[in-house]
Amino acid sequence: MIFETDRLTIRLLTKEDADLYFDLMGNPNVMNLVPRPVMSREESNKHLLCVINSAPDMTNKKVWAIDSKIDNEFIGICAFLKNDDHENEIGYRLREKFWKKGYGTEIARGLIDYGFKNMNMDLITADVITTNLGSMKILEKFLILDKEFFNPNDNCTDRRYKLDKETWLKRF
C-alpha cells in the first residue's frame, strides 16, 4: 500500500489489473476527458506492463492503482507527474461507473496531502482540459487557478492549478 484515504487504498499496479485497466483506458468517455486516444485491449495491456515494469525506476512519474476499501474493486489510477514546466503535477483517472460518488475529490485531496507530507514536495500542480468541468470543480476545492493555456500536445485548452505546501498545511 502506498497510502489510503477514508474509502480508498492506493497501491502499485499489477498484471491482475489488466481487465479493469482496459475498462478505464478503453472507455471513450474517460479518455476524452484526459484527452487521450482510446486504447485497444492490446495497447492497454502493453501500457499497463510498461507502467508496472518501469515503476521502480520512475523518478519523474509515479502511477498507482486506486481500490475501494469496501470490496477492493479497482476504481482507477492516480499519479504524480512532471508538467511541462517540470513542476510536480497530480493526475487521476476513474472508471466511469465510479464517477459522481466523491472519489475524485477524495483522491485529489489524498494525493495533495501525500505529496506534501510524505514526498516533501513544496508545490503541486494539476492540469485539466477546460471541457472537464467535473475535474475543474474538484481541483478548485483545493488548488488555485494559475493560468489557462493552449496545450499543443493534446490540441486543447487547459487550465493549470497550483498550491504550495505552506498554504496546504495551514488549511488542512
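You'll find the structure just up there.
Residues numbered from 1 in each chain as written. Predicted model: local features only at pLDDT ≥ 70, side-chain atom pairs only at ≥ 80, totals over all residues. Heavy atoms only, no water.

A closer look at the overall build of the protein chain
Looking only at helices and strands, the protein chain features six helices and eight strands. Helices (α) and strands (β) of the protein chain occur, in sequence order from the N terminus, as β-β-α-α-α-β-β-β-α-β-α-β-β-α. Taken against the 2.2 N^0.38 rule, which gives 16 Å for 172 residues, the C-alpha radius of gyration of the protein chain at 15 Å falls within 12% of a compact globule. Dimensions of the protein chain, computed from the C-alpha atoms along their principal axes, are close to 40 × 35 × 35 Å. A buried classification covers 47% of the 172 residues belonging to the protein chain. For the protein chain, the accessible area works out to roughly 9300 Å², and carbon and sulfur atoms hold 49% of it. One finds the centroid of the 26 positive side-chain charges in the protein chain at a distance of 3 Å from the centroid of its 28 negative side-chain charges. (Helix = DSSP H or I, 4+ residues; strand = E, 2+ residues; numbered from the N terminus. Rg over C-alpha atoms; globule rule 2.2 N^0.38 Å. Buried < 20%, exposed > 50% of the residue type's maximum accessible area, 1.4 Å probe, protein only. Areas by Shrake-Rupley, 256 points an atom, 1.4 Å probe, with all protein chains shown as cover. Lys, Arg positive; Asp, Glu negative; His and termini not counted. Charge placed at Lys NZ, Arg CZ, Asp CG, Glu CD.)

With respect to the pattern of salt bridges
Per the stated rule, a full pass over the model turns up 19 salt bridges. Across the salt bridge formed by K97 and E73, the nearest N and O atoms sit 3.0 Å from each other. One end of the pair, K97, is in the loop between strand 5 (88–94) and helix 4 (103–117); the other, E73, is in the loop between strand 3 (62–68) and strand 4 (74–82), and 24 residues separate them in sequence. With a closest N to O distance of 3.5 Å, E140 and R159 form a salt bridge. Of this pair, E140 sits in helix 5 (residues 133–142) while R159 sits in strand 8 (residues 156–164), and the two are 19 residues apart along the sequence. Among the residues examined, R159 registers a relative accessible area of 21% and is labelled partly exposed. Several salt bridges share partner residues, and in doing so they unite D84, D85, D127, K147 and R160 into one network. (Salt bridge = Lys/Arg side-chain N within 4 Å of Asp/Glu carboxyl O.)

Quick word on the packing of helix 4 against helix 5
Interhelical geometry of helix 4 versus helix 5 gives an angle of 40° and a closest axis separation of 10 Å. In terms of orientation, helix 4 and helix 5 fall into the oblique class. Helix-helix and strand crossings are classified by hand; for helix 4 and helix 5 the assignment is right-handed. In this structure, helix 4 contributes G104, T105, A108, R109 and I112 to the contact, and helix 5 contributes I138, K141 and F142. (Axes fitted to C-alpha atoms, helices over the stretch in contact; angles between N-to-C directions. Parallel < 35°, antiparallel > 145°, perpendicular 65-115°, else oblique. Left-handed = near helix turned anticlockwise from the far one by under 90°. Contact = heavy atoms within 4.5 Å.)

Thoughts on the environment of K101
With respect to the secondary-structure elements, K101 resides in the loop between strand 5 and helix 4. Judged by its relative accessible area of 45%, K101 is partly exposed. For K101 and K141, which are 40 residues apart along the polypeptide, the C-alpha to C-alpha distance reads 16 Å.

Here's the deal with the nonpolar core
Side chains of a nonpolar character, in soluble globular proteins, are inclined to be buried together. Grouped together as the largest cluster of nonpolar side chains are 31 residues, with contacts concentrated most on I90, I107 and I112. Elements that contribute at least two residues to this core include exactly strand 2 (8–11), strand 3, strand 4, strand 5, helix 4, strand 6 (123–129), helix 5 and strand 8. In terms of residue count, the dominant contributor to this core is helix 4 (seven residues). Those residues in contact with I90 that sit more than four places away from it in its chain are A79, F80, A108, L111, I112, I124, T125, A126 and L139. Counting residues in each nonpolar core, the second largest holds 16 residues, with A18, I52, A65 and F74 among its members. (Core = buried A, V, L, I, M, F, W, Y, C linked by side-chain atoms within 4.5 Å.)

Looking at helix 4
In this model helix 4 runs 21 Å from its N-terminal to its C-terminal C-alpha over 15 residues, within 8% of the 21 Å that 1.5 Å per residue would give. Among the 15 residues in helix 4, twelve count as buried, and that is most of the element. Those residues of helix 4 lying buried are Y103, G104, T105, E106, I107, A108, G110, L111, I112, Y114, G115 and F116. (Expected span 1.5 Å × (residues − 1).)

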